[in-house]
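Fold and geometry: a report
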Amino acid sequence: MKRFILIAAALSCLCASASAQQRPAANLPEYTFTTVKAAPITSIKNQASSGTCWSFSAISFLESEAIRLAGIRDEAKYPDFSEFFVVGTSYKERADKFVRLDGKLNFSVGSGCGDALDVVKNHGLVPNECVTGVNYGTPLPQQSELDAVLLGYVTAVSKSRKPTTAWKRGFAAVVDEYFGKAPETFVVDGKTYTPESYRDAMKINPDDYVELTSFTHHPFYTWFALEVADNWRGTQSYNVPIDELMAVLDNALENGYTACWGADVSHPGFTRGGLAILVDVEATQAGSDQEHWVGKEEGKPNPNPVTVIEAVPTQESRQVEFDNKTMTDDHGMHIFGIARDQDGKKYYMVKNSWGETGAYKGIWYATEAFVKAQTLDITVHKSALTRDLKKKLGVK
C-alpha cells in the first residue's frame, strides 16, 4: 500500500515561534476523504518564506466571515483581503511598544489571530492588490532580510537615551517600501472606500469574535493572556475545558461558521502531505514497517492492515506539554469543515497557507485527537458559541 512519510514541520518557514521540539517521524497509510460539511473558503495562498501564518489564517477566516455575513454565492465575488496590510501595521505598532519597553519585548514577525483582529478594528481592511507584500523583487514572500533590518532598527532606537522624532517615520517607510504603502482610498466594484469603510461594508466587526483556550494553570471560565512570546499584544482568551472548546468548534462548523486555529504542528503526525494525526508512535511502529503494511510473508498483502493508533489526549496531557514546551504556538491555520475517511473516522478540514501543496492541494485533514491535543486557541464568531458558553459570557 502506498504510504505517506511523515515529516515534522520545518518551523523556520512557518511562524517566527520555532521553539517546539520536533519528534521522530511515523508512517501512515493513504486516505480517501469525503466532505460532510464545509463552509466556503477563498483560494489557497502561500506565505512562502515568511512567518506570517497568523495573518494568512486570520485573513482567510475573515474572508469566509465576509462571505457568510454578506451572503456571497458567486465565487468570482469572494473577497481577497491583504494579509500584509495587517502584517505591516502590526509591525509598526509592535515597534512602538518595543521601544517604549526598552527592547524587553519579543520582536519578530510571528503573532496571532487576536493581533490581526486588533489591526482590523483600528485600521480596517484593504484588498490584496493594494498591499501585496512583495514589493521587493520576488514573486512570493521572502522576508528574512526585512525581519533582520527591522529588528536591527528598533534595537538601535530602543537603546537611545532620547529617541528622535524621526524614527517612527523611518521605520514605517521601510515597511511600506517592502510591503507596499496602503492607499488612503481605493475603488472596489466602482465604489470608493477607505480601509475602515471597506471593513464595515464587508460586515466585519472585530468585537464580535471570541478567542478560546484550554489550560489548567488558570481557572476555567476566566480570561487570561496566553503566555507565549508571539502574544505581544496580550490578547485575552477565555479559558474553558478542552471538551467544551471542542464542542464550540463542532457547533461552529455544523452551523456554517469557521474557526481561526492556533496550533502546535511539531508532532510527527502533522505531515507535509496534508494529514494531521495524533500518532502514538511507539504503539503504531511496534514491529517492522513491512509487517504493518504488507504482512510478515514477503510480497503477500496483509488482509487486515494495522489501523494507525492515536494517542488519547486529556486536559492533563495538554497541560504537561504546554508546561514543558513540547506544545507551543507554532502555526496558524483556518478550520472550515468536517470530513470522514474511508473507515468513517471524523476529521477537521483545514486550510493551510503553504500554497497548493500536498496530496490535497493545500488542505489538511486533522483528526479530533490531533486538534484536541495540539490546539493553543481557536477564534470564532460569538454567534457560533454553544448555548451554555453564550450564557457564561453574557452573549445574546
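A brief look at the structure comes next. (Residues numbered from 1 in each chain as written. Predicted model: local features only at pLDDT ≥ 70, side-chain atom pairs only at ≥ 80, totals over all residues. Heavy atoms only, no water.)

1. Structural notes on the overall build of the protein
Helix and strand content of the protein: 12 helices and 14 strands. The proportion of buried residues among the 396 residues of the protein is 54%. Relative to all contacts within the protein whose residues are 6 or more apart in sequence, the contacts with residues 24 or more apart total 76%. (Helix = DSSP H or I, 4+ residues; strand = E, 2+ residues; numbered from the N terminus. Buried < 20%, exposed > 50% of the residue type's maximum accessible area, 1.4 Å probe, protein only. Contact = heavy atoms within 4.5 Å.)

2. Here we look at unusual backbone geometry
For aspartate 189, which is not glycine, the phi torsion reads 50 degrees and is therefore positive. On the secondary structure map, aspartate 189 appears in the loop between strand E4 (186-188) and strand E5 (191-193). On the accessibility criterion, aspartate 189 (79% relative accessible area) is exposed. Residue lysine 203 is not a glycine yet carries a positive backbone phi of 65 degrees.

3. Concerning the pattern of salt bridges
Applying the stated criterion across every chain, the model contains 17 salt bridges. Notably, a salt bridge pairs aspartate 118 with arginine 233, separated by 3.9 Å at the nearest N-O pair. Of this pair, aspartate 118 sits in helix H3 (residues 113-123) while arginine 233 sits in the loop between strand E7 (223-225) and strand E8 (236-239), and the two are 115 residues apart along the sequence. By relative accessible area, which is 29% here, aspartate 118 ends up partly exposed. The partner of lysine 392 in a salt bridge is glutamate 244, and the shortest N-O contact between them spans 4.0 Å. Placement of lysine 392 in helix H12 (residues 387-393) and of glutamate 244 in helix H7 (residues 242-254) is noted, with a sequence separation of 148 residues between them. Accessibility expressed as a relative area gives 42% for lysine 392, which makes it partly exposed. Overall, the relative accessible area of 15% leaves glutamate 244 in the buried class. Connected through shared salt-bridge partners, Glu93, Asp115, Asp118 and Arg233 make up one network. (Salt bridge = Lys/Arg side-chain N within 4 Å of Asp/Glu carboxyl O.)

4. Remarks on the side chain of aspartate 264
Looking at the element boundaries, aspartate 264 is found in the loop between strand E9 (259-263) and strand E10 (275-276). When its relative accessible area of 0% is taken as the criterion, aspartate 264 is described as buried.

5. Some words on H7
End to end, H7 covers 18 Å across 13 residues, agreeing with the expected 18 Å (1.5 Å per residue, within 8%). When we look at burial in H7, the residues that qualify are Ile242, Glu244, Leu245, Met246, Val248, Leu249, Asp250, Ala252 and Leu253. Phi turns positive, to about 90 degrees, at glycine 256, one or two residues after H7. (Expected span 1.5 Å × (residues − 1).)

6. Considering the packing of helix H2 (residues 83-100) against helix H5 (residues 167-179)
To describe two helices that pack against each other, one gives the angle between their axes and the distance between the axes. The N-to-C vectors of H2 and H5 enclose an angle of 155 degrees; their axes lie 10 Å apart at closest approach. Between H2 and H5, the angle falls in the class roughly antiparallel. Here H2 and H5 pass one another in a crossing that is right-handed. Contact with H2, carried on its side by Phe84, Val87, Gly88, Tyr91, Lys92, Ala95, Asp96, Val99 and Arg100, involves Trp167, Lys168, Phe171, Ala172, Val175, Asp176 and Phe179 of H5 and no other residues of that element. Tallied by class, the residues present in the contact of H2 with H5 amount to 10 nonpolar, one polar and five charged. (Axes fitted to C-alpha atoms, helices over the stretch in contact; angles between N-to-C directions. Parallel < 35°, antiparallel > 145°, perpendicular 65-115°, else oblique. Left-handed = near helix turned anticlockwise from the far one by under 90°. Nonpolar A, V, L, I, M, F, W, Y, C, P; charged D, E, K, R; others polar.)

7. What to know about the packing of aromatic side chains
Going through the model one piece at a time under the given rule, you end up with 28 aromatic pairs. A centroid spacing of 5.7 Å and a plane angle of 80 degrees characterise the contact between tyrosine 153 and phenylalanine 171, whose relative ring orientation is edge-to-face. With tyrosine 153 in helix H4 (residues 144-158) and phenylalanine 171 in helix H5, this pair connects stretches of sequence that are 18 residues apart. Tyrosine 153 sits in the partly exposed class, given a relative accessible area of 24%. According to the relative accessible area criterion, phenylalanine 171 is buried, its value standing at 1%. Here lysine 392 stacks its cationic end above the ring of tyrosine 221, 4.8 Å away from the centre of that ring. (Phe/Tyr/Trp six-rings, centres within 6.5 Å; stacked < 30°, edge-to-face > 60°. Lys NZ or Arg CZ within 6 Å of the ring centre and 35° of its normal.)

8. Focus: the side chain of serine 353
Its location among the elements puts serine 353 in the loop between strand E12 (346-351) and strand E13 (363-367). One polar contact links serine 353 to glutamine 47, side chain to side chain, over a distance of 2.6 Å. Leave out the neighbours within four places in its chain, and serine 353 touches Lys45, Asn46, Gln47, Cys53, Phe56 and His331. (Polar contact = N/O pair within 3.5 Å; in protein donor to acceptor, adjacent residues only side chain to side chain.)

9. Digging into the pairing of E8
In this structure, strand E6 (residues 209-213) lies alongside E8, joined through two bridges in parallel fashion. In the strand pairing of E8, leucine 212 is matched with tyrosine 238. As paired elements, E7 and E8 share three bridges and run antiparallel to each other. Within the sheet, the bridge partner assigned to phenylalanine 224 lies in E8 and is serine 237. (Pairing = 2+ DSSP bridges.)

10. Observations concerning the environment of lysine 351
Following the sequence through the fold, lysine 351 ends up in strand E12. Owing to a relative accessible area of 5%, lysine 351 belongs among the buried residues under this scheme. Put simply, lysine 351 and isoleucine 41 are 310 residues apart on the chain and 8.2 Å apart in space, counted from C-alpha to C-alpha. Non-local contacts of lysine 351, meaning those with residues more than four positions away in its chain, are made with Ile41, Thr42, Ser43, Ile44, Lys45, Ser60, Glu63, Met333, His334, Phe336, Gly362 and Ile363.

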